[in-house]
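Chain residues, written in single-letter form:
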Amino acid sequence: MFDILIIGSGPSGMTSAIYGARSGLTVGIIERGAPGGAMVTTASIENYPGFSKIDGATLSMNMFEQMTNLGVTFIGEEVLSIKKDNDIFTVETNYAKYDSKTVIIATGTMQKKLSVSGEDKFTGRGISWCAICDGSFYKGKDVIVVGGGNSALEEAMYLASICKTVYIIHRRDEFRADSMLVNKAKEFDNIKYILSSTIKEFLGDKKLEKVLITNLKTNEDYLMDIDGVFEFIGQTPNTNWLSELGIVGENGFIKVNSEFETTVKGLFACGDVIDKGVRQIATAVSDGAISALSASHYIK
Ligand SMILES: Cc1cc2nc3c(=O)[nH]c(=O)nc-3n(C[C@H](O)[C@H](O)[C@H](O)COP(=O)(O)OP(=O)(O)OC[C@H]3O[C@@H](n4cnc5c(N)ncnc54)[C@H](O)[C@@H]3O)c2cc1C
């Protein structure tokens, strides 16, 4: 029986684990992928206090070591459901069942897809959602980055150091990203901009060869030859397995109060998976710390 069982080992879940263990509680954390969550696939992080620049894999391993050195049990499984009976939660994974007095959901988000024709066919054969994982396949080649937020600009700059040309395609003619990032990207000679436009279709034979682009101002369509496309157009919460608990809002994100409690007593949520405005590592770790202290308070 755990005191706190955390689902998801991104920065939010791992911070919860660190705070829970340091409160003297028995803590377990269940992760279906690599520890670090969205951080692991981030090439360069430049806005997390204490590190002017750090790669996501190193920051992830630092947090993971700090957490496991405190005696947190790491379980590499996928959570399928949570049930509550007589004040005890049972968390079922693809391998086993675990009991806990409290549960913290920190399952984050997944990258949204454009959902246009050809996307499924060319996933992994020209279309990617991870520059650090797949960027090296496009060394010296031409790629497109879709999106206008911080992630899109950061990943475009990373790809610009590997690829011949990076075209940023964005629906609007202004960027959502921080102005500092927008200005920094403009310093790269091999980053080009295709604004007020979107991809309508992915085309090719065995691998991606062309995209059909629509100019949203003129409604004009045209084909462009391309080697790879990286999509960074936003996030979808990892909550589809939670619908029975009634804690998920209409937008799919989990609703919590200022103590990160859901409407189910003893069940907390933190990080990118909750309904909030800013989704960053700094806000994820803050949520994680508070949710663990709230869980500790609830137990005691
Ligand atoms: C490309 C990219 C670049 C970014 N760059 C920056 C940056 O430079 N600076 C910054 O501050 N932020 C950046 N972010 C945002 C930042 O990574 C996130 O805000 C942060 O990782 C959120 O942490 P989290 O712990 O809430 O969720 P996540 O990091 O998403 O972690 C959630 C974890 O839960 C696991 N999980 C999900 N469902 C289950 C399940 N059913 N069972 C078990 N495990 C499950 C997932 O595998 C994942 O490991 C970036 C994001 C992306 C995508």
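Cut-offs and rules
Residues numbered from 1 in each chain as written. Predicted model: local features only at pLDDT ≥ 70, side-chain atom pairs only at ≥ 80, totals over all residues. Helix = DSSP H or I, 4+ residues; strand = E, 2+ residues; numbered from the N terminus. Rg over C-alpha atoms; globule rule 2.2 N^0.38 Å. Buried ≥ 20, exposed ≤ 12 C-beta atoms within 10 Å, placed from the backbone. Contact = placed C-beta atoms within 7 Å. Pairing = 2+ DSSP bridges. Axes fitted to C-alpha atoms, helices over the stretch in contact; angles between N-to-C directions. Near = placed C-beta within 6 Å. Nonpolar A, V, L, I, M, F, W, Y, C, P; charged D, E, K, R; others polar. Domains from an automatic or database assignment. Core = buried A, V, L, I, M, F, W, Y, C linked by C-beta atoms within 7 Å.

**Some remarks on the overall build of the protein chain**
So, point 1. Counting its regular elements, the protein chain contains seven helices and 17 strands.
So, point 2. Whereas a compact globule of 300 residues would reach a radius of gyration of roughly 19 Å, the protein chain reaches 21 Å, a difference of no more than 12%.
So, point 3. In terms of principal-axis extent, the alpha carbons of the protein chain reach across some 60 × 40 × 35 Å.
So, point 4. Considering the protein chain as a whole, with its 300 residues, one finds that 43% of them fall into the buried category.
So, point 5. Summarising the internal contacts of the protein chain: among those between residues at least 6 apart in sequence, 62% fall at separations of at least 24.

**Points about the pairing of strand β6 (residues 97-105)**
For a regular strand, side-chain orientation follows a simple rule: the groups alternate between the two sheet faces.
So, point 1. Bridging between strand β1 (residues 2-7) and β6 involves five bridges; their strand directions are parallel. From the neighbouring strand, Ile-7 faces β6, where its bridge partner is Ile-105.
So, point 2. Bridging between strand β5 (residues 88-93) and β6 involves four bridges; their strand directions are antiparallel. Its bridge partner being in β6, Thr-90 is matched across the sheet by Asp-99.

**So, the sheet that holds strand β13 (residues 208-215)**
So, point 1. Pairing is antiparallel in the open sheet, where three strands are placed in the order β12-β13-β14. Single-partner strands in this sheet number two, and they are β12 (197-204) and β14 (221-225). Within this sheet the neighbouring strands show an average axis-to-axis angle of 30 degrees, counted without direction.
So, point 2. Bridge count between β13 and β14: five bridges; the pairing is antiparallel. Within β14, the position partnered with Ile-213 by the bridge is Tyr-222.

**Considerations on the site of the ligand**
So, point 1. In the vicinity of the ligand lie 38 residues, with Gly-8, Gly-10, Gly-37, Gly-108 and Gly-271 positioned nearest.
So, point 2. Broken down by secondary-structure element, the contributors of at least two residues to the shell around the ligand are α1 (11-22), α5 (150-160) and α7 (281-299).
So, point 3. Considering only residue class, the shell around the ligand consists of 15 nonpolar, 16 polar and seven charged.
So, point 4. Counting residues domain by domain, the shell around the ligand receives three or more from each of domain 1 (2-110 + 235-299) and domain 2 (113-231).

**Structural notes on the domain arrangement of the protein chain**
So, point 1. Split into domains, the protein chain comes out as domain 1 (2-110 + 235-299) and domain 2 (113-231).
So, point 2. Just the C-alpha atoms count here: the centres of domain 1 and domain 2 sit 31 Å apart.
So, point 3. Counting residues at the interface gives four residues for domain 1, matched by six residues for domain 2.
So, point 4. Class assignment for the residues of the side of domain 1 that touches domain 2 results in one nonpolar, three polar and no charged.

**Thoughts on the nonpolar core**
So, point 1. Judged by nonpolar contacts, the single largest core of 48 residues is most densely connected at Ile-4, Ile-6, Ala-17, Val-27, Ile-104, Ile-254 and Ala-269.
So, point 2. Mapped onto this core, the elements with two or more residues apiece are β1, α1, β2 (27-30), α2 (56-69), β4 (79-85), β6, β17 (267-269) and α7.
So, point 3. When residues no more than four places from it in sequence are discounted, the contact partners of Ala-269 are Ile-104, Ile-105, Ile-254, Val-256, Phe-260, Thr-262 and Ile-274.
So, point 4. If you look at the next biggest cluster of nonpolar residues, it comprises 34 residues, including Phe-122, Leu-181, Ile-213 and Val-229.

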